[in-house]
Amino acid sequence: MQFKHCTLEIDGPVAVLRMDHQEVMNAVSLDMLGGLSEALDEIEARKAEVRCVVLTGAGRAFCTGANLQGRNQQQKPGRSNAGAALETGFHPFLRRVRNLHCPLVTAVNGPAAGAGMSFALMGDMILAARSAYFLQAFRRIGLVPDCGSTWLLPRLVGKARAIELSLMGERLPAEKALEWGLINRVYDDAVLMEEAMKLARELANGPTVALSLIRKLYWDSPENSFEDQLNLEFQSQRTAGATEDFREGVTAFLEKRPAKFTGK
């Protein structure tokens, strides 16, 4: 399925959402955000069918941040609102990604810069090609990090490294990002998508309700007290325990066979 500057492919229980504006290395425009939103509409309409989403980029880049082409370079300081697109376009998309009903795998096939780095880090499992790199590019154009990066980065790599990435604006190679614990796995470029799909199918064949609750628990954890998190675990466990997948999991365990989860 073709949307504005993005494509959606449904491969069994896996949806592959690919940013596709290769002329600008998949830099994000409001048009692309509109296309991504429509693609998410399609995914939500197929909620019973789609049990894992893979987000990646077409061509040689994952996403190089906001598309700056066509902006009026003659605007004077104080006359433009550089944050307007965040409220109208980027933030609604990021919130929808956070609240997906199933796991999200990001396959970082090339540069992930600025907002593109944030998109990559939204993944529950973050896979990167060996040639990929991550870049907090904002300081290069006189802006501050956005798209949630100042929330995500210190929680993933700590305050010192988060600030260094943002103040210095230096490339972080995939191998170093793995060493820092920023991402989960690195693969040779040629096999990245193959490995991403293998992982996505494994997740898609899992207990979807429980996996969705797991991702919510970890998203909510940084803002909760210990008592709040205990209560959220209790509520989530009660929900998971009422699923058919829980009954199947226990039965399969007792019968010493692999479980056949249906996502219900």
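So, a few notes on the structure that sits alongside this text. (Residues numbered from 1 in each chain as written. Predicted model: local features only at pLDDT ≥ 70, side-chain atom pairs only at ≥ 80, totals over all residues. Heavy atoms only, no water.)

1. Description of the side chain of Asp220
Step number 1: Within the secondary structure, Asp220 is located in helix H8 (residues 208-220).
Step number 2: Not counting residues within four places of it along the chain, the set of residues in contact with Asp220 comprises Arg98, Gln229 and Leu232. (Helix = DSSP H or I, 4+ residues; strand = E, 2+ residues; numbered from the N terminus. Contact = heavy atoms within 4.5 Å.)

2. Topic: a nonpolar patch on the surface
Step number 1: On the surface, Phe246, Val250, Phe253 and Leu254 cluster together to form a nonpolar patch covering roughly 450 Å² of accessible area.
Step number 2: Looking at the element boundaries, Phe253 is found in helix H10 (residues 244-254).
Step number 3: Using a relative accessible area of 66% as the deciding quantity, one classes Phe253 as exposed. (Patch = residues over 30% accessible without salt bridge, like charges linked within 9 Å, V, L, I, M, F, W, Y side chains within 5 Å. Areas by Shrake-Rupley, 256 points an atom, 1.4 Å probe, with all protein chains shown as cover. Salt bridge = Lys/Arg side-chain N within 4 Å of Asp/Glu carboxyl O. Buried < 20%, exposed > 50% of the residue type's maximum accessible area, 1.4 Å probe, protein only.)

3. So, empty space enclosed by the protein
Step number 1: If you walk through the whole model with that rule in mind, you get 1 cavity of 30 Å³ or more.
Step number 2: By volume, the largest cavity is sized at about 50 Å³.
Step number 3: Along its surface, the largest cavity is lined by Leu17, Leu40, Val53, Leu55, Phe93, Val97, Leu100 and Leu104.
Step number 4: Broken down by secondary-structure element, the contributors of at least two residues to the lining of the largest cavity are strand S4 (52-57) and helix H2 (84-98).
Step number 5: Classifying every residue of the lining of the largest cavity by side-chain character gives 8 nonpolar, no polar and no charged. (1 Å grid on protein atoms, 1.4 Å probe; cavity = no way out; pocket = protein on both sides within 12 Å on 5 of 7 lines; lining within 4 Å. Points joined across faces, edges and corners; volume = space filled by probe spheres on them. Nonpolar A, V, L, I, M, F, W, Y, C, P; charged D, E, K, R; others polar.)

4. Overview of the sheet that holds S4
Step number 1: With respect to topology, 7 strands assemble into an open sheet ordered S1-S2-S3-S4-S5-S7-S10, the strand pairing being mixed. The sheet is open, and its two borders are formed by strand S1 (2-3) and strand S10 (185-187), each paired with just one other strand.
Step number 2: Bridge count between strand S2 (residues 6-11) and strand S3 (residues 14-19): 6 bridges; the pairing is antiparallel. Note on S3: the bridge partner recorded for Ile10 is Ala15. (Pairing = 2+ DSSP bridges.)

5. A word on the pattern of salt bridges
Step number 1: Counted according to the given criterion, the structure contains 15 salt bridges.
Step number 2: Where Asp11 meets Arg201, a salt bridge forms, and the shortest distance between an N and an O atom there is 3.0 Å. Note that Asp11 is positioned in strand S2 and Arg201 in helix H7 (residues 192-204), a separation of 190 residues in sequence.
Step number 3: Since its relative accessible area comes to 27%, Asp11 is described here as partly exposed.
Step number 4: Measuring nitrogen to oxygen at the nearest pair gives 2.9 Å for the salt bridge that ties Asp220 to Lys216. With Asp220 and Lys216 both in helix H8, this residue pair falls 4 residues apart, about one helical turn.
Step number 5: Here the salt bridges do not stand alone but share partners, grouping Asp41, Glu44 and Arg96 into one network.

6. Considerations on the sheet that holds strand S6 (residues 112-113)
Step number 1: Pairing within the open sheet is mixed, and its 3 strands lie in the order S6-S8-S9. In this open sheet, the two strands that pair with only one neighbour each are S6 and strand S9 (172-173).
Step number 2: When strand S8 (residues 133-135) meets S9, the two strands line up antiparallel, connected through 2 bridges. Bridge pairing in S9 links Phe134 to Leu172.

7. Considering H7
Step number 1: The end-to-end C-alpha distance of H7, which contains 13 residues, comes to 18 Å, matching closely the 18 Å that a straight helix rising 1.5 Å per residue would cover.
Step number 2: For H7, the set of buried residues is Leu192, Glu195, Ala196, Met197, Leu199, Ala200, Leu203 and Ala204. (Expected span 1.5 Å × (residues − 1).)

8. A few points about the side chain of Asn26
Step number 1: Inspection of the secondary structure assignment puts Asn26 in the loop between S3 and helix H1 (30-45).
Step number 2: According to the relative accessible area criterion, Asn26 is buried, its value standing at 0%.
Step number 3: Of note is the side chain of Asn26, whose polar atom sits 2.9 Å from the backbone oxygen of Ala58.
Step number 4: One polar contact links the side chain of Asn26 to the main-chain carbonyl oxygen of Ala61, over a distance of 2.8 Å.
Step number 5: Setting aside residues up to four positions removed in sequence, Asn26 forms contacts with Met19, Asp20, His21, Met32, Gly57, Ala58, Ala61, Phe62, Cys63 and Thr64. (Polar contact = N/O pair within 3.5 Å; in protein donor to acceptor, adjacent residues only side chain to side chain.)

9. With respect to the pairing of strand S7 (residues 125-129)
Step number 1: When you tally the buried positions in S7, you get 5 out of 5 residues, the bulk of the element.
Step number 2: Side chains Met125, Leu127 and Ala129 of S7 all project onto a buried face; the interleaved residues Ile126 and Ala128 project onto the opposite face, where all are buried too.
Step number 3: Direction of pairing for strand S5 (residues 104-108) relative to S7: parallel, over a ladder of 4 bridges. The partner of Thr106 across the bridge, within S7, is Ile126.
Step number 4: Strand direction decides the pairing type here: S7 and S10, joined by 3 bridges, are parallel. Along S10, the bridge assignment pairs Leu127 with Arg185.

Note that all results are geometric; they support no functional claim without further evidence.
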